[in-house]
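Structural description and commentary
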Amino acid sequence: MKRLTTDDEKSMFRSLNLFYGKDGEVWVRGGGPEPDYQDVTLVQWIKWAAEEHGLNIEAENAESLGDEMYDALQDGTETVEGIVGLLHAAAIQAAEMRERLKLIEDILGDDYDLDRLREMVEADREGRCRIHPKSENNTCGSCGHFQRISGRRCGTCDVYSKYRDRYGRVDDRRGTFTPSQSKKACKRYEPREE
Ligand code: SF4
């Protein structure tokens, strides 16, 4: 499963990241005027909308706008201010949900497997997990040639595609070489670039 939170303008998930949090405020991605379509705060965006359409909204700052929008929400769809109030609430919700999910996805990485995560959390709750101390030695997991297989503790190696026996001969019977991330590194080890 690919991560959804992104700041990449070319990402196919860009539309799911329209509202985001920065410096304690909600921002609208690409909400500024043409030709630059800069990101703007939600407060600024609503202020412009209110001026353009003659709405009874001051939008001085995030806090006072929150109060105004709370009152406007009581109008429901009877006034445009009420409709903007709902849009404001939806934008706050979207930004808060995105920032929480982003924190989680920053931990999980670009690709993750929900079934595997569920299994791990259940195992942890049941006391079946043990965290091993970090290896003092270099391992495949910290090697630049190692590509982890999503949701597993092993991966593939860019240098060796097949298993080898103790004499260094390729062993075709064992299929693709998928070393564990904790496997002791070989001589071709190269530290992963951060
Ligand atoms: S340490 Fe050796 S075997 Fe492991 S990933 Fe790097 S190059 Fe491949």
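Just so it is clear, the structure is predicted and the values come from calculations on it, not from any experiment.

Some thoughts on the domain arrangement of the protein
The domain architecture assigned to the protein consists of domain 1 (14-114) and domain 2 (130-187). Placing the centre of domain 1 and that of domain 2 at their C-alpha centroids yields a distance of 46 Å.

Quick word on helix 2 (residues 62-73)
Spanning 12 residues, helix 2 covers 16 Å between terminal C-alpha atoms, matching the ideal 16 Å at 1.5 Å per step. Regarding helix 2, the residues found buried are Leu65, Glu68, Met69 and Ala72. With its buried residues spanning 95 degrees around the axis, helix 2 presents them on a single face. Those residues of helix 2 that are exposed and angled more than 90 degrees off the buried face are Glu63, Asp67, Tyr70 and Asp71. The elements touched by buried residues of helix 2 are helix 1 (42-53) and helix 3 (80-108).

Points about the site of the ligand
What surrounds the ligand is the set Cys140, Cys143, His145, Phe146, Cys157, Val159, Tyr160, Pro179, Ala185, Cys186, Arg188 and Tyr189. Of the residues that constitute the shell around the ligand, the class distribution is 10 nonpolar, one polar and one charged.

Side note on the sheet that holds strand 1 (residues 19-22)
With antiparallel pairing, the three strands of this open sheet are ordered in space as 1-2-3. Two strands lie at the open edges of the sheet, namely strand 1 and strand 3 (40-41), each paired on one side alone. Relative to strand 3, strand 2 (residues 25-28) runs antiparallel, the two sharing two bridges. From the neighbouring strand, Trp27 faces strand 3, where its bridge partner is Thr41.

Focus: the nonpolar core
Counting residues in hydrophobic clusters, the biggest one holds 17 residues, and the most contacted among them are Phe19, Val26, Leu42 and Ile46. When contributions to this core are tallied by element, the ones reaching two or more residues are strand 1, strand 2, helix 1, helix 2 and helix 3. Of all the elements, helix 1 adds the most residues to this core, at four residues.

So, the environment of His88
Mapped onto the elements, His88 comes out in helix 3. Overall, His88 belongs to the buried group, with 24 C-beta atoms counted inside 10 Å. Residues His88 and Leu42, spaced 46 residues apart in sequence, show a C-alpha to C-alpha distance of 7.8 Å. When neighbours within four sequence positions are excluded, His88 is seen to be in contact with Leu42, Ile46 and Met69.

Observations regarding the packing of helix 1 against helix 3
Remark: helix 1 packs on helix 3, axes separated minimally by 12 Å, with the N-to-C direction vectors making an angle of 165 degrees. As far as their axial angle goes, helix 3 and helix 1 are roughly antiparallel. For the pair helix 1 and helix 3, the sense of crossing is right-handed. Along the contact surface, helix 1 presents Leu42, Ile46, Ala49 and His53, while helix 3 presents Val80, Val84, His88 and Ala91. Looking at the contact of helix 1 with helix 3 residue by residue, the classes come out as six nonpolar, two polar and no charged.

Calculation notes
- Residues numbered from 1 in each chain as written.
- Predicted model: local features only at pLDDT ≥ 70, side-chain atom pairs only at ≥ 80, totals over all residues.
- Domains from an automatic or database assignment.
- Helix = DSSP H or I, 4+ residues; strand = E, 2+ residues; numbered from the N terminus.
- Expected span 1.5 Å × (residues − 1).
- Buried ≥ 20, exposed ≤ 12 C-beta atoms within 10 Å, placed from the backbone.
- Arc of directions from axis to C-beta.
- Contact = placed C-beta atoms within 7 Å.
- Near = placed C-beta within 6 Å.
- Nonpolar A, V, L, I, M, F, W, Y, C, P; charged D, E, K, R; others polar.
- Pairing = 2+ DSSP bridges.
- Core = buried A, V, L, I, M, F, W, Y, C linked by C-beta atoms within 7 Å.
- Axes fitted to C-alpha atoms, helices over the stretch in contact; angles between N-to-C directions.
- Parallel < 35°, antiparallel > 145°, perpendicular 65-115°, else oblique.
- Left-handed = near helix turned anticlockwise from the far one by under 90°.

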